[in-house]
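Residue-level structure breakdown
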Amino acid sequence: MSTILKAVNIEKTYGKGELSVHALKNINLSIEDGIFYAIIGKSGSGKSTLLHILGGLDKPSSGKMYLEDKSMFDLRDRELAILRRQRIGFVFQSFNLLEEHTVMENILIPIELDGKHPDMKHIDKVIDSLGIREKLSYYPDELSGGQRQRVAIARALASKPALLLADEPTGNLDDKTSNEVMNLLKESAKEFHQTIILVTHDPQIADMADKVITISDGNLVSIQDN
Ligand SMILES: Nc1ncnc2c1ncn2[C@@H]1O[C@H](COP(=O)(O)OP(=O)(O)OP(=O)(O)O)[C@@H](O)[C@H]1O
Ligand SMILES: [Mg+2]
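Residues numbered from 1 in each chain as written. Chains lettered and ligands numbered in written order. Predicted model: local features only at pLDDT ≥ 70, side-chain atom pairs only at ≥ 80, totals over all residues. Heavy atoms only, no water.

Observations concerning the overall build of the protein chain
- Within the protein chain, the regular secondary structure consists of seven helices and 10 strands.
- Over its C-alpha trace the protein chain gives a radius of gyration of 17 Å, about what one expects of a compact globule, namely 17 Å for 226 residues.
- Its C-alpha atoms give the protein chain principal-axis dimensions of about 50 × 40 × 40 Å.
- Residues counted as buried form 48% of the 226 residues belonging to the protein chain.
- Across the protein chain, every contact between residues at least 6 apart in sequence was considered, and the portion connecting residues at least 24 apart equals 66%.
- For the protein chain, the exposed area adds up to about 11,200 Å²; of that, 47% sits on carbon and sulfur atoms. (Helix = DSSP H or I, 4+ residues; strand = E, 2+ residues; numbered from the N terminus. Rg over C-alpha atoms; globule rule 2.2 N^0.38 Å. Buried < 20%, exposed > 50% of the residue type's maximum accessible area, 1.4 Å probe, protein only. Contact = heavy atoms within 4.5 Å. Areas by Shrake-Rupley, 256 points an atom, 1.4 Å probe, with all protein chains shown as cover.)

Listed below in structure tokens is the structure:
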């Protein structure tokens, strides 16, 4: 097994002076290729902050992040943006859909930005698994929260990224849909040899991962096998 992602002495402090928040404290973490991780911890413990730094979206205050041996924050912004687009799929806590584009465009745009041809057979399967086929020509503001969430998941899976980072991807879904989404993620990970890191509050969801990373008050407490 090899390491796809490595965090070395990651610190993150938001703001300055009395109001500053020490959100991550000396995080050291190796993410193994092809493994499904869940990150759990209380609200405000630093889960989203960690996920954003792991994915190169947010700079740490200090420390280094390596993606497949590339030091992410030593790259130029443009190089980092390309690396992210080619290797990482994100499902954000706030979805980040493009409101002025249809559901189908939201799913295809990241692939087209990369000058690639979408694998429509794969994308069709993702769309059907997520039950969003009848919404493809709608705009995000015409969808429910759970539907928006499913579009965000479809967009992240469409390019078969090596690394999938998802922040509460089942947070707005009922139990049945949530289970379906988890099964889809697991199947996709297996078929395309993807590494998944998923933030969740839900112990049942965390149970479905291979390994569980627990953080508390900005500290990495443990990494346990399920
Ligand atoms: N942009 C920001 N500016 C200032 N403080 C921030 C910012 N983002 C997060 N924080 C603070 O950093 C800490 C960790 O926040 P983070 O969003 O990582 O928590 P979380 O574990 O994802 O919580 P939740 O489960 O509620 O999503 C919190 O105290 C939060 O208030
Ligand atoms: Mg969060």
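Considering the site of ligand 1
- Within the structure, ligand 1 sits among 13 residues, and Ser43, Gly44, Lys47, Ser48 and Thr49 are positioned closest to it.
- A distance of 2.6 Å separates an oxygen atom of ligand 1 from a polar side-chain atom of Ser43.
- In this structure, an oxygen atom belonging to ligand 1 sits 2.6 Å away from a side-chain N or O atom of Thr49.
- Taking 640 Å² as the accessible area of ligand 1 by itself, protein coverage stands at 61%. (Near = heavy atom within 4 Å. Polar contact = N/O pair within 3.5 Å; in protein donor to acceptor, adjacent residues only side chain to side chain.)

Here we look at the coordination of the magnesium ion (ligand 2)
- Surrounding the magnesium ion (ligand 2) are the protein donor atoms Ser48 (OG) and Gln93 (OE1), which sit 2.0 to 2.5 Å from the metal. With a gap of 45 residues between them, Ser48 in helix α1 (residues 47-54) and Gln93 in the loop between β6 (88-91) and α3 (103-113) connect regions that are remote in the sequence.
- Gln93 gets classed as partly exposed once you look at its relative accessible area, which sits at 46%. (Donors = N, O, S within 2.8 Å, 3.2 Å for Na, K, Ca; no water.)

Overview of the pattern of salt bridges
- Evaluated as defined, the whole model comprises 13 salt bridges.
- Residues Asp74 and Lys64 are paired through a salt bridge, measuring 2.7 Å at the closest nitrogen-oxygen approach. In this pair, Asp74 sits in the loop between β5 (70-71) and α2 (77-87) while Lys64 sits in strand β4 (residues 62-67), placing the two residues 10 residues apart along the sequence.
- A salt bridge links Lys125 to Glu191; the shortest N-O distance between them is 3.1 Å. Residue Lys125 is located in helix α4 (residues 120-129), and its partner Glu191 is located in helix α6 (residues 175-191); the two are separated by 66 residues in the primary sequence.
- Judged by its relative accessible area of 43%, Lys125 falls in the partly exposed class.
- Through salt bridges that share partners, Arg85, Asp114 and Lys116 make up one connected network. (Salt bridge = Lys/Arg side-chain N within 4 Å of Asp/Glu carboxyl O.)

Some points on the nonpolar core
- If you look at the biggest cluster of nonpolar residues, it comprises 39 residues, and the most contacted ones within it are Ile107, Leu130 and Leu185.
- Of all the secondary-structure elements, those providing two or more residues to this core are β3 (36-40), α3, α4, α5 (145-158), β7 (163-167), α6, β8 (195-199) and α7 (203-206).
- With seven residues, α5 is the single largest residue contributor to this core.
- Excluding anything up to four places from it in sequence, Leu185 contacts Ile153, Leu157, Leu164, Ile196 and Leu198. (Core = buried A, V, L, I, M, F, W, Y, C linked by side-chain atoms within 4.5 Å.)

What about the sheet that holds β4?
- In space, the four strands of this open sheet follow the order β2-β1-β4-β5, with antiparallel pairing throughout. Two strands close off the open sheet at either side, each with one partner strand: β2 (21-32) and β5.
- As judged from the two bridges shared by β4 and β5, these two strands associate in the antiparallel manner. Of the residues in β5, the one forming a bridge with Tyr66 is Ser71. (Pairing = 2+ DSSP bridges.)

Quick word on the side chain of Arg148
- Relative to the elements of secondary structure, Arg148 occurs in helix α5.
- With sequence-adjacent residues up to four places away left out, Arg148 is seen in contact with Phe95, Leu97, Glu99, Pro140, Asp141 and Leu143.

These values are about where atoms sit, not about what they do.
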